[in-house]
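# Results of the structural survey
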Amino acid sequence: MADQQARPGEDKRPSEIPVIRWEEPPEGPVLILLDQTRLPSEEVELVCTDASALVEAIRSLAVRGAPVLGIAGAYGVALAAARGFDVDEAAEALESARPTAVNLSLGVRRALAAYRDALAATGDPTAAATAALASAQALHREDAEASARMAAHGLALLDELMPGGGHRVLTHCNTGALVSGGEGTAFAVALAAHRVGRLRRLWVDETRPLLQGARLTAWEAARSGMAYTLLTDSAAGSLFAAGEVDAVLIGADRIAADGSVANKVGSYPLAVLARYHHVPFIVVAPLTTIDPDTPDGASIEVEQRPGFEVTEILTPQASAVSGGGGVPLAPLGTQAYNPAFDVTPPELVTAIVTEEGTVSPVTPEALAALCARSRATPAA
């Protein structure tokens, strides 16, 4: 089998390219993003000078992934405040940019609350903008810390389920440093296993139609020196049948109060395959992804993406929002069904790993108890 090889435990620890950062050049503050639509062929940065540019970056998937969307949303509020734009209008536009990922709205609301509180207390827009920025920076730090704790809890769970190491893990979409203030969610667990020599193989779903697995997860795995193999989404079943998968690790964009998990479309079929083949199906996500106001999976709004993402192969120069510039795959006028996410019911989820611990079995009561413990702990 031709695939990417790595020595067990090898960790190249590549020089990091920040996924998102705040800078203050003389002409005014900006938010700088690594453009994920250009990877892996180019490492290009986008400079956002206002919230509308950030909204476009979010919709085009230049920045994507639940945790980092929350960070971006918070920075977007701070950017609007610092630049003197209408903060409430910017917050509304940011929050609606992608409806399924709950972290985006949480990040926006957190920075907006900090802005409003400071403005009410001081009457000074500059002080309020400073408060919004401090809130965004705190969220950024907290997410990095949460990523490290999720990796530790996830590795402990893998070792408990599969003593002795040699883990062969299948993952879907992209859940590494590109979606996080740290090293990611599900990918961070696999990376932790790799670093201690217990990851035998990372199976990487291409994740169609936009190939976040092929373009992004494989890029991150290669940079980290991990042993990985890329496969089409439809090939996963044959891997399970051959006994080549020990666990499935995925992230989440929203987890309902009952434990239903919304994640990149294609996750639910993996859960069905995993259950049939008696393979653990593990969700790794920060507590901010758990939404107690969404009672169940049927209540999760699933984003519908443009049909041309399915009927065309997009190039880095093609717009992922307006269309055009892609290579046609289907006859002109073909209609396409293109949900960005699907929902996995809790009975198919072996465990949910968070920075505060692991829930298994996944029940509404267990999730509520975990969230309650977190709320009782003062924020840093």
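Read on for an overview of the structure. (Residues numbered from 1 in each chain as written. Predicted model: local features only at pLDDT ≥ 70, side-chain atom pairs only at ≥ 80, totals over all residues. Heavy atoms only, no water.)

## As for the overall build of the protein chain
Along its length, the protein chain carries 11 helices and 16 strands. At 20 Å, the protein chain has a C-alpha radius of gyration in line with the 21 Å of a compact globule built from 380 residues. Over its C-alpha atoms, taken along the principal directions, the protein chain stretches across nearly 65 × 55 × 40 Å. Out of the 380 residues in the protein chain, the part that is buried amounts to 54%. Counted over contacts in the protein chain with a minimum sequence separation of 6, partners at least 24 positions apart contribute 74%. For the protein chain, the exposed area adds up to about 15,700 Å²; of that, 54% sits on carbon and sulfur atoms. The averaged location of the 46 negative side-chain charges in the protein chain is 5 Å from the averaged location of its 28 positive side-chain charges. (Helix = DSSP H or I, 4+ residues; strand = E, 2+ residues; numbered from the N terminus. Rg over C-alpha atoms; globule rule 2.2 N^0.38 Å. Buried < 20%, exposed > 50% of the residue type's maximum accessible area, 1.4 Å probe, protein only. Contact = heavy atoms within 4.5 Å. Areas by Shrake-Rupley, 256 points an atom, 1.4 Å probe, with all protein chains shown as cover. Lys, Arg positive; Asp, Glu negative; His and termini not counted. Charge placed at Lys NZ, Arg CZ, Asp CG, Glu CD.)

## Quick notes on the pairing of strand S7 (residues 247-250)
Of the two faces of S7, the one holding Ala247 and Leu249 and the one holding Val248 and Ile250 are both buried throughout. Here strand S4 (residues 167-171) pairs with S7 via 3 bridges, running parallel. Bridging from a neighbouring strand, leucine 170 pairs with valine 248 of S7. (Pairing = 2+ DSSP bridges.)

## Thoughts on the packing of helix H5 (residues 125-161) against helix H6 (residues 186-195)
Packing of H5 against H6 leaves a shortest axis separation of 8 Å and a crossing angle of 65°. Regarding H5 and H6, the two cross each other, and that crossing is right-handed. On the side of H5, the interface is formed by Ser147, Met150, Ala151, Gly154, Leu155 and Leu158, while H6 contributes Ala188, Val189, Ala192 and Ala193. (Axes fitted to C-alpha atoms, helices over the stretch in contact; angles between N-to-C directions. Left-handed = near helix turned anticlockwise from the far one by under 90°.)

## Considerations on the environment of alanine 285
For alanine 285, the position within the fold is in the loop between strand S10 (281-284) and strand S11 (290-291). Considered as a pair, alanine 285 and glycine 251 are 34 residues apart in the sequence and their alpha carbons are 5.6 Å apart. The residues contacting alanine 285, other than those within four sequence positions of it, are Met150, Thr185, Ala252, Ile255, Val353, Thr354 and Glu355.

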